[in-house]
Amino acid sequence: MAVAVVFAIVGYLLASQLQSVRNNTQAAAADTLRLETLQELYNQEMGKTENLESQLKQAQTDLERYRQAALEGSAQGEALREELERLEIAAGLVEVEGPGVTVILSDSAAVNTTGDEADYLIHDNDLLSVVNELRSAGAEAISLNGERLLATSEIRCTGAVVTVNGRQYASPYVIFAIGEPTTLYNALTMRNGVADVLGQWKIQVQVNISEQLTISKYQGAMTYDYARPVSALGQEGGGA
């Protein structure tokens, strides 16, 4: 009887050990598969980055060729060069400088009385309000924490930080805006304006006139897979 009990215990232990080994093997296989998946995703993202960098270099090469062609011409070439410069500024493809305003926004330092910490942090809609007010007041170039803002630039909350042009930034947020300084300053600091509203939540907003600002060019790549110019032939055909 004692021998049977011993064999039963040994059998149970062996079965448990085999099950443990099987579970560990399955877990190791799952980890290996997960690592392979992550590696594949990483390789895909690296491929996308390299492709975008290649497109950006090609666009810069083409742009330089167009600029050189414009310089070699006469009056018509000069007009083309001036138009190209305006388009480069509008597209954010060149570094620009000029007078304007500097805006610094910092999270509230007030005591939390609402119980919700988010009430005292700067959000994407706060930054968008400032940027839209500057654009409405005639700002010709704007950057946020060094990121040149284009028509396609996103400003959105991702957790406790804000994503701009695919990069994440935390408070304080520094905005440069080039334009007529007094007009831009008054647009932000007028009574019941953006700075006034944010100040009600003790969000710290500093607006200063700057005689000379430098705003870097857009550092990303721009791709258009669906939008294309409407051809004269297409307009004549009236295609829907």
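Refer to the structure above for everything that follows.
Here goes a summary of the coordinates provided. (Residues numbered from 1 in each chain as written. Predicted model: local features only at pLDDT ≥ 70, side-chain atom pairs only at ≥ 80, totals over all residues. Heavy atoms only, no water.)

## Side note on the overall build of the chain
Here is step 1 of the chain: Helix and strand counts for the chain come out as 6 helices and 8 strands.
Here is step 2 of the chain: The N-to-C order of helical and strand elements in the chain reads α-α-β-α-β-β-β-β-β-β-α-α-β-α.
Here is step 3 of the chain: Going through the 240 residues of the chain one by one, you find that 25% of them count as buried.
Here is step 4 of the chain: A fraction of 73% describes how many contacts in the chain between residues 6 or more apart in sequence connect residues 24 or more apart.
Here is step 5 of the chain: A total accessible area of about 16,200 Å² is found for the chain, and carbon and sulfur atoms account for 55% of it. (Helix = DSSP H or I, 4+ residues; strand = E, 2+ residues; numbered from the N terminus. Buried < 20%, exposed > 50% of the residue type's maximum accessible area, 1.4 Å probe, protein only. Contact = heavy atoms within 4.5 Å. Areas by Shrake-Rupley, 256 points an atom, 1.4 Å probe, with all protein chains shown as cover.)

## Points about unusual backbone geometry
Here is step 1 of the chain: Cis rather than trans, the peptide bond between Ser-171 and Pro-172 has omega equal to 5°.
Here is step 2 of the chain: Mapping Pro-172 onto the fold places it in the loop between strand S6 (167-169) and strand S7 (173-178).
Here is step 3 of the chain: In the Ramachandran plot, Asn-165 falls in the positive-phi region, its phi being about 55° despite a non-glycine side chain.
Here is step 4 of the chain: Within the secondary structure, Asn-165 sits in the loop between strand S5 (161-164) and S6.

## Observations concerning the sheet that holds strand S4 (residues 155-158)
Here is step 1 of the chain: Spatial ordering of the open sheet is given by S4-S5-S6, a layout of 3 strands whose pairing is antiparallel. Two strands in the sheet have a free side with no partner beyond their single neighbour: S4 and S6. This sheet shows a mean twist of 35° between the axes of neighbouring strands, independent of strand direction.
Here is step 2 of the chain: Direction of pairing for S4 relative to S5: antiparallel, over a ladder of 4 bridges. (Pairing = 2+ DSSP bridges. Axes fitted to C-alpha atoms, helices over the stretch in contact; angles between N-to-C directions.)

## Looking at the pattern of salt bridges
Here is step 1 of the chain: Taken as a whole and assessed by the stated rule, the structure comprises 1 salt bridge.
Here is step 2 of the chain: We note a salt bridge from Glu-147 to Arg-167, for which the minimum N-O separation is 3.3 Å. In this pair, Glu-147 is assigned in strand S3 (residues 147-148) and Arg-167 in strand S6, connecting sequence segments 20 residues apart. (Salt bridge = Lys/Arg side-chain N within 4 Å of Asp/Glu carboxyl O.)

## Let's talk about the nonpolar core
Here is step 1 of the chain: Among the nonpolar cores identified, the biggest contains 25 residues, and Val-130, Leu-134 and Ile-175 are the most heavily contacted of them.
Here is step 2 of the chain: Secondary-structure elements contributing two or more residues to this core are strand S1 (96-106), helix H3 (124-136), strand S2 (141-144), S5, S7, helix H4 (181-189) and helix H5 (194-199).
Here is step 3 of the chain: Looking at this core, the element that brings in the most residues is H3, giving 4 residues.
Here is step 4 of the chain: Residues Val-96, Ala-141, Ile-178 and Ile-215 belong to the second largest nonpolar core, which totals 5 residues. (Core = buried A, V, L, I, M, F, W, Y, C linked by side-chain atoms within 4.5 Å.)

## Quick word on the side chain of Glu-147
Here is step 1 of the chain: For Glu-147, a relative accessible area of 7% gives the class buried.
Here is step 2 of the chain: When neighbours within four sequence positions are excluded, Glu-147 is seen to be in contact with Ile-142, Val-164, Asn-165, Arg-167 and Tyr-169.

## What to know about the environment of Glu-154
Here is step 1 of the chain: Along the chain, the position of Glu-154 falls in the loop between S3 and S4.
Here is step 2 of the chain: The spatial distance from the C-alpha of Glu-154 to the C-alpha of Gly-166 is 7.7 Å, given a sequence separation of 12 residues.
Here is step 3 of the chain: Within polar-contact distance, the side chain of Glu-154 engages the backbone nitrogen of Asn-165 at 3.2 Å.
Here is step 4 of the chain: A polar atom in the side chain of Glu-154 sits 2.6 Å from the backbone nitrogen of Gly-166. (Polar contact = N/O pair within 3.5 Å; in protein donor to acceptor, adjacent residues only side chain to side chain.)

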